[in-house]
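# Residue-level structure breakdown
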Amino acid sequence: MFGALVRLVVILIVLAAGVAFFLGYRVADHGAAHPASEPSISRDSRPVDTSKAREAGAAVGEKVAVGANEAQRALESATLIGKIKAKMALDDTVKAASIEVENDGGVITLKGSVRSEAERARAVQLARETAGVTAVTDRLTLR
């Protein structure tokens, strides 16, 4: 579900960038849709600099792509955290509500308090077994 949401967001952002890019061409050409259409009457006889419109469109497209990449990383991080928290919530030996899960590029940090060493070991094991996890940092404390 999160993967589909990420794809949808990325597609919408790319479409918006494309529209902004091509709209820049149309605005720079005074809204002329086709070169064969009648020339518009302009009070300003100076030539239009289309390179500025192209540069602006390219800059907008680049910013949109960067934003889309950041959004995708944030959603992937949230998805990974959600998978780990769900595993802990479904496990009878782990009290998931007392454990905080953080993700930094696949490195998971577990914080909070646990009731026993067995609960700590199980929480760490569940995190390590999750696809996408590269390392687990244990900062859990015993009550």
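Sequence order as written defines residue numbering, which begins from 1 separately in each chain. pLDDT decides what is reported in this predicted model: residues at 70 or higher carry local features, side-chain atom pairs at 80 or more are listed and counted, and totals for whole chains, interfaces and linings draw on all residues regardless. Calculation of side-chain values draws on the structure's entire complement of heavy atoms; hydrogens and water are dropped beforehand.

On to helix α3 (residues 117–128). Compared with the 16 Å implied by 1.5 Å per residue over twelve residues, the 17 Å span of α3 between its first and last C-alpha is a close match. For α3, every residue scored as buried is listed here: E119, R120, A123, V124, L126 and A127. Take α3 and look down its axis: the buried residues cluster within an arc of 160 degrees, on one side only. Opposite its buried face, α3 presents the exposed residues A118 and R128, each directed more than 90 degrees away. Under the scheme used here, helices are H or I runs from DSSP no shorter than 4 residues and strands are E runs no shorter than 2 residues, and both carry numbers assigned from the N terminus. To estimate the expected span of a helix, subtract one from its residue number and multiply by 1.5 Å. Accessible area is worked out with a 1.4 Å probe on protein chains only. A residue is then buried under 20% of its type maximum, exposed over 50%, and partly exposed in between. Regarding the arc, it is the one traced by the directions from the helix axis to the C-beta atoms.

It is worth spelling out the pairing of strand β3 (residues 135–142) at this point. In terms of strand pairing, strand β2 (residues 107–114) meets β3 through eight bridges, oriented parallel. From the neighbouring strand, V107 faces β3, where its bridge partner is A135. Between the parallel pair β2 and β3, the chain is carried across by α3, and the sense of this crossover is right-handed. Should DSSP find at least two bridges between two strands, the strands are taken to pair. Here a crossover is taken to be right-handed if, once the strands point away from the viewer, the path from the first strand over the helix to the second is traced clockwise.

To continue, consider the nonpolar core. In terms of nonpolar packing, the biggest core is built from 17 residues, with I84, M88, I99, I108 and L110 touching the most fellow members. Within the residue set of this core, elements represented by two or more residues are α2 (50–90), β1 (99–104), β2, α3 and β3. Once residues within four sequence positions are removed from consideration, I108 is found in contact with L80, I84, V101, E102, N103, A127, V133, A135, V136 and T137. Here, nonpolar core refers to any group of buried Ala, Val, Leu, Ile, Met, Phe, Trp, Tyr and Cys residues whose side-chain atoms link them within 4.5 Å. In this description, contact between two residues means that some pair of their heavy atoms is separated by no more than 4.5 Å.

For patch detection, residues must exceed 30% relative accessible area and be free of salt bridges, and they are connected within 9 Å for like charges or within 5 Å for nonpolar side chains (Val, Leu, Ile, Met, Phe, Trp, Tyr). Computed by Shrake-Rupley with a 1.4 Å probe, the accessible areas treat only the displayed protein chains as cover when residues are assessed. Here, a salt bridge means any Lys or Arg side-chain nitrogen found within 4 Å of an Asp or Glu carboxyl oxygen. A cluster of nonpolar side chains, L5, L8, I11, L12 and L15, forms an exposed patch at the surface whose accessible area comes to about 480 Å². Counting through the fold element by element, L12 comes out in helix α1 (residues 2–28). L12 gets classed as exposed once you look at its relative accessible area, which sits at 51%.

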